[in-house]
Amino acid sequence: MRVHVVSDVHGRTDALARAGEGADALVCLGDLILFIDYADHAQGIFPSLFGAERATEFIRLRTAGRFDEARAMSATLWAALGGDPREHIERAVRAQYTEIFAAMPRPAYLTYGNVDVPRLWGEYVQDGHHVLDGQTAEIGGLTFGFVGGGLHTPYRTPYEIDEEEFAAKVEAVGAVDVLCAHIPPAVPELLYDTVARRFERGSEAILAAIRRTQPRYALFGHVHQPLVPRTRIGRTECVNVGHFRRRGTPYVLEW
């Protein structure tokens, strides 16, 4: 059995269309939308509305941890654009989802990332796309558990939830062979992004579940340039499957 796993697609539809080649199934760990690209400031929803120069300034403020200033800048830009910002964003998100789900291989097992908008997915998923969050699926004789979304951060991305709600989804999944989540377990070396030079938020609930149930694998994304891309906790191989937008190739799981 061969399964390809991707995370942090962020609009990379060209590579996504090829990601299932040679695999029995695709697993996608979310972050389909590209709001702003820290590597190419001309790409994403924000620069398409306000231009690359303003995106560069916005990124500079957020990278420096000056979140209040970044929010003030964003509010000024939205006011100048006119209309409801949520409507502008939703139109752009819908356009991206149309392209992304059309490119998504089948069969695919998907969960949400922190930048995704779960309420919209039902309008775009196609036959052979299985969306799971706090749920399990059997793939090739192994039980896969899926926990979507992220925890609250100063970035205020669309699908951030509190620790209790997140932990409840982890508990609902229970003991599985492969534990799939968008965010990593709360292990410092898995959370540090060497380019952004900051720790991302990981889950204590996932870490506790790994220690308690010892799945064969714990797969995740979220941290684009991790200090350590994989580690072992007991018998569990913990793997960051990679920043798909940059790499364009899936992580391969075979058994």
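Below, the structure is looked at part by part. Values in this document were obtained by computation on a predicted structure and should not be read as measured data. (Residues numbered from 1 in each chain as written. Predicted model: local features only at pLDDT ≥ 70, side-chain atom pairs only at ≥ 80, totals over all residues. Heavy atoms only, no water.)

A closer look at helix H4 (residues 67-81)
Think of an α-helix as 3.6 residues a turn; residues three or four steps apart then line up on the same face. Over its 15 residues, H4 runs 21 Å from end to end, which matches the ideal 21 Å to within 8%, given 1.5 Å per residue. Within H4, burial applies to Phe67, Ala70, Met73, Ser74, Leu77 and Trp78. Looking straight down H4, one finds that the buried residues subtend no more than 135° of arc, so they occupy a single side. The exposed residues of H4 that point more than 90 degrees off its buried face are Asp68, Thr76, Ala79 and Ala80. Each element contacted by the buried residues of H4 is listed here: helix H2 (45-50), helix H3 (52-63) and helix H5 (85-103). Of the residues trailing H4, glycine 82 is marked for its positive phi of about 85°. (Helix = DSSP H or I, 4+ residues; strand = E, 2+ residues; numbered from the N terminus. Expected span 1.5 Å × (residues − 1). Buried < 20%, exposed > 50% of the residue type's maximum accessible area, 1.4 Å probe, protein only. Arc of directions from axis to C-beta. Contact = heavy atoms within 4.5 Å.)

Some words on the sheet that holds strand E9 (residues 178-181)
Spatially, six strands are ordered E5-E6-E9-E12-E14-E13 in an open sheet, and the strand pairing comes out mixed. Each having just a single partner strand, strand E5 (135-139) and strand E13 (230-233) make up the two edges of the open sheet. In this sheet, adjacent strand axes meet at a mean angle of 20° when their direction is disregarded. In terms of strand pairing, strand E12 (residues 217-220) meets strand E14 (residues 236-240) through four bridges, oriented parallel. Each bridged residue has a counterpart across the sheet, and for tyrosine 217 the counterpart in E14 is glutamate 237. (Pairing = 2+ DSSP bridges. Axes fitted to C-alpha atoms, helices over the stretch in contact; angles between N-to-C directions.)

Looking at the packing of H3 against H4
At their nearest, the axes of H3 and H4 sit 7 Å apart, and the two run at 155° to each other. As summarised for this structure, H3 and H4 are arranged roughly antiparallel, according to the angle between their axes. You can see that H3 and H4 cross each other, and the crossing is left-handed. Between H3 and H4, the contacting residues are Arg54, Glu57, Phe58, Leu61 and Arg62 on the first element and Phe67, Glu69, Ala70, Met73, Ser74 and Leu77 on the second. (Parallel < 35°, antiparallel > 145°, perpendicular 65-115°, else oblique. Left-handed = near helix turned anticlockwise from the far one by under 90°.)

Bear in mind that shape data such as this cannot, by itself, settle questions of function.
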